[in-house]
Protein chains: 2
Amino acid sequence: MAAVNLKQLAKILNLSISTVSKALRDSHEIGDATKERVLAKAKEMDYTPNPFASGLRRNKSKTIAVVVPEVANNYFSLAINGIERIAQENDYHVLIYLTHEDIEKEKGIMKHLENKRVDGVLMSVTMNTSNQTHLSDFQQKGIPIVFFDRICNEIETAKITTDDYISGINATKHLIENNCKDIAFLSLGDEISIMQKRKSGYLEELHKNNMEAKPERIVKCGNDDEMNYQLVKELLTGKNKPDGIFASVEKLAITTYQVCRELNINIPEEVKIICFSNLETASLLSPSLSTITQPAYNIGKTAAEVMFKYLDKNKTYIPNENIVLQSTLHIRESSQQIV
Amino acid sequence: MAAVNLKQLAKILNLSISTVSKALRDSHEIGDATKERVLAKAKEMDYTPNPFASGLRRNKSKTIAVVVPEVANNYFSLAINGIERIAQENDYHVLIYLTHEDIEKEKGIMKHLENKRVDGVLMSVTMNTSNQTHLSDFQQKGIPIVFFDRICNEIETAKITTDDYISGINATKHLIENNCKDIAFLSLGDEISIMQKRKSGYLEELHKNNMEAKPERIVKCGNDDEMNYQLVKELLTGKNKPDGIFASVEKLAITTYQVCRELNINIPEEVKIICFSNLETASLLSPSLSTITQPAYNIGKTAAEVMFKYLDKNKTYIPNENIVLQSTLHIRESSQQIV
DNA sequence: AATATTTACGCAAACGATGTAGTAATATTA
DNA sequence: TAATATTACTACATCGTTTGCGTAAATATT
């Protein structure tokens, strides 16, 4: 029942503990015959090294943490998929922590991780993470962080993102080409990097087309779905409503669909919609939803690969590096002018 | 930079290591004044115990593992959400492992976990997990397992499920009431418990209505989406197609929607569809999708709660217990007769 | 005042694996 | 043949915490 350890193995084999340990790690100090004997017995007795003992001794946890706002989210769950794949390939374990967009929870989690429980952290920060001292403090402890998607520019390390600015331009351009004259941008807080970039693209493209960027057309949504619903409803109620909506994240597009359904607003006739999304059912929606789709799986995969590139070399310091993957534009019914 | 440990704390406080350790754990052996002094200094120096050292000493990892087929799946991601919540409340960490429906991967993961890396495992087995010796072997090592959703009946422990049999009956009944005469069941392998129960409900209700259960109407799908697409396409091609489809899992319903779109089959006019699903956008699909929705978050939450109930008492043996939560039927357009 | 008890702390042995330093025995070389 | 190198192993300290036991001083009991 109890797990077998080196001591027991050594006694049975009539060898010393260190010999057995070295034999299992294929050390040159041990003769081939002995190695085979040890390996066979170890397999027979189903020996696996105690991770706490070796972790303590070697100061390696063989574990990385993934810190994300949500998991019940198509983007993040795909990213986790990619991360887990690479971690398994590297014989690493993956701890998962959810912040639920709560900056205090994020701080608490980082505090919990400071004591060498993990060899590295892959993270996407909270929409409220403006101050990042808890992250730089964390780095000071000698544990590397790699950011993906929601990055923290002020922290020096590798950052995996998508071409949010270009995508913001393209999405806006597409709406304009489909005859939108008054485009609203549904944002998710101002703090985070991706919002700023997506919004910049939106503003830049409006500017390029000599369209006015009205402040009231930038709707700052948050983590409260009910409140978001009200905000979008306000936006779409009454005469003076926009004829195009660029939702910066998937859930805001879904909210918009729900509002339109309630208010009996026809998409795309009255208002056209496009959004960042990894929704599998985008093409099955009514109407099918135009999306900018991020390579979520690859983002996670890449983030993990970069992390292991440094962990393998026992480097705890990761220099600044920006890896940008491309999103793809999927034009569907929700954003197209009816001809 | 390097994390502070007990030895350093003790030296600074001019106390022995054991006194510091006991003070931090609020032992009665230590005087109040000393305790305060230690606590203050520990906080000041940002001390946190090394998890490997205490894990090794106490034989406790403060970690549970979640083993599931997928994470990019609305059901499992919600369940993980619930699990993570309870784990955080109990000051536990959550390791995540994905089997991708691969029984060999499942075996490998369990082997990895045998060495006391975790205090307990919450799992939903692979669709191919028929033989469960790797699970009973695992239990023998003294680490408790709690199953949720995809349970393993042969293993004695707590199991959290939903009322799949009743739901199977209700879904089938609903299709029959909406005039379906020839209902197909899209299954995901025969091995797993939930499939058997859902199918039993389906068969039972057919029987009750004196409807023939044709073997060719039970389509055994798998993990390969492309192949599933072909299977569903075959089912729906030609004259002799069913007029109702009961998809046992969400992704098969989505596949069915896609096939119907390609073949220009009208839902619900030509074929009615209902499925088990936690899809957030079910009501926004075209047509909106009728679902049996499982309380995924609560299932995860309950599984974790049961686990901690035993872990708190240092019990590694969890007796058989079946906790059944109720799913809810959401009737939408895809399954209703047009009047 | 003598003894018993409590309080408050330190010592040292674990937990299991790892790696350095040491030691016989054998092999190689001058 | 003696000196040196190599091989194949063992002993032991170490990682950072925890915890049973020991003990001196303070307090309580008779």
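Calculation rules
Residues numbered from 1 in each chain as written. Chains lettered and ligands numbered in written order. Predicted model: local features only at pLDDT ≥ 70, side-chain atom pairs only at ≥ 80, totals over all residues. Heavy atoms only, no water. Least-squares fit on C-alpha atoms with pLDDT ≥ 70 in both. Contact = heavy atoms within 4.5 Å. Near = heavy atom within 4 Å. Polar contact = N/O pair within 3.5 Å; in protein donor to acceptor, adjacent residues only side chain to side chain. Nonpolar A, V, L, I, M, F, W, Y, C, P; charged D, E, K, R; others polar. Phe/Tyr/Trp six-rings, centres within 6.5 Å; stacked < 30°, edge-to-face > 60°. Helix = DSSP H or I, 4+ residues; strand = E, 2+ residues; numbered from the N terminus. Buried < 20%, exposed > 50% of the residue type's maximum accessible area, 1.4 Å probe, protein only. Arc of directions from axis to C-beta. Axes fitted to C-alpha atoms, helices over the stretch in contact; angles between N-to-C directions. Parallel < 35°, antiparallel > 145°, perpendicular 65-115°, else oblique. Left-handed = near helix turned anticlockwise from the far one by under 90°. Pairing = 2+ DSSP bridges.

1. Thoughts on the relation of the copies chain B and chain A
Between chain B and chain A, which share one sequence, the superposing operator has a rotation angle of 180 degrees and an axial displacement of 0.1 Å; the RMSD is 0.1 Å. On this basis, the relationship between the two copies can be described by a two-fold rotation axis. Mapped onto chain A, 100% of the interface residues of chain B again fall at the interface, so both copies present the same surface.

2. Quick word on the protein's contact with DNA strand D
Around DNA strand D lies a shell of 27 residues, among which Thr19, Glu29 and Thr34 of chain A together with Leu6 and Arg57 of chain B are the nearest. Taking the atoms of DNA strand D that fall within 4 Å of the protein, sugar and phosphate contribute 57% of them. Ser16 of chain A has a polar side-chain atom sitting 2.9 Å from a phosphate oxygen of DNA strand D. Per-class residue counts for the surface near DNA strand D are eight nonpolar, eleven polar and eight charged.

3. So, the packing of aromatic side chains
All names here are of chain A. Considering all chains together, one arrives at eleven aromatic pairs over all chains under this definition. Geometrically, the ring pair formed by Tyr92 and Phe308 is edge-to-face, given 4.8 Å between the ring centres and 65 degrees between the ring planes. Taken as a pair, Tyr92 in the loop between α5 (74-89) and β2 (93-98) and Phe308 in helix α12 (residues 296-312) lie far apart in primary sequence, 216 residues in all. We classify Phe308 as buried; its relative accessible area is 2%.

4. Quick look at the environment of Leu13 of chain B
Residues and elements named next belong to chain B. The residue Leu13 is located in helix α1 (residues 6-13) in this model. In this structure, the C-alpha to C-alpha distance between Leu13 and Thr34, residues 21 residues apart in sequence, is 9.4 Å. Ignoring sequence-local partners within four residues, the contact set of Leu13 consists of Val20, Arg37, Val38 and Lys41.

5. A word on the protein's contact with DNA strand C
The local shell around DNA strand C holds 27 residues, among which Leu6, Tyr47 and Arg57 of chain A together with Thr19 and Glu29 of chain B are the closest. Measuring from a phosphate oxygen of DNA strand C, one finds a side-chain N or O atom of Arg25 of chain A at 3.0 Å. Interatomic distance of 3.4 Å between a backbone N/O atom of Asn50 of chain A and a phosphate oxygen of DNA strand C. Looking at the surface near DNA strand C, the elements that each hand over two or more residues are α1 (6-13), α2 (17-24) and α4 (51-58) of chain A together with α2 (17-24) and α4 (51-58) of chain B. Class assignment for the residues of the surface near DNA strand C results in eight nonpolar, ten polar and nine charged.

6. Some words on α4 of chain B
Those residues of α4 of chain B not exposed but buried are Pro51, Phe52 and Gly55 of chain B. Buried positions in α4 of chain B, seen along its axis, are confined to an arc of 95 degrees and lie on one side of it. Looking at the buried positions of α4 of chain B, the neighbouring elements they touch are α4 of chain A. Its side-chain oxygen at 2.7 Å from the backbone nitrogen of Phe52 of chain B, Asn50 of chain B defines the N-terminal cap of α4 of chain B. Directly beyond the C-terminal end of α4 of chain B, a positive phi value near 60 degrees is found at Asn59 of chain B.

7. Regarding the packing of α1 of chain A against helix α3 (residues 32-44) of chain A
All names here are of chain A. The interhelical angle for the contact between α1 and α3, taken along N-to-C directions, is 125 degrees, at an axis separation of 11 Å. Taken together, the axis directions place α1 and α3 in an arrangement best described as oblique. Where α1 crosses over α3, the two elements pack in a sense that is right-handed. On α3, the residues that touch Leu9, Ile12 and Leu13 of α1 are Arg37, Val38, Lys41 and Ala42. The residue inventory of the contact of α1 with α3, partitioned by class, reads five nonpolar, no polar and two charged.

8. Some words on the sheet that holds strand β10 (residues 290-293) of chain A
Residues and elements named next belong to chain A. Strand order in the open sheet formed by six strands is β7-β6-β8-β9-β10-β12, and the pairing between neighbours is mixed. The open sheet terminates on both sides in strands that have one partner only, identified here as β7 (218-221) and β12 (328-330). If you compare each strand with its neighbour and ignore which way they point, the axes differ by 15 degrees on average. By the bridge criterion, four bridges tie strand β6 (residues 183-188) to strand β8 (residues 244-247) in an arrangement that is parallel. Each bridged residue has a counterpart across the sheet, and for Ile183 the counterpart in β8 is Gly244. Lying over the sheet, helix α9 (residues 193-208) contacts β6, β7, β8 and β9 (272-276), oriented at roughly 170 degrees with respect to β6. Strands β6, β7 and β8 of the sheet are contacted by helix α10 (residues 225-236), whose axis makes an angle of about 165 degrees with β7.

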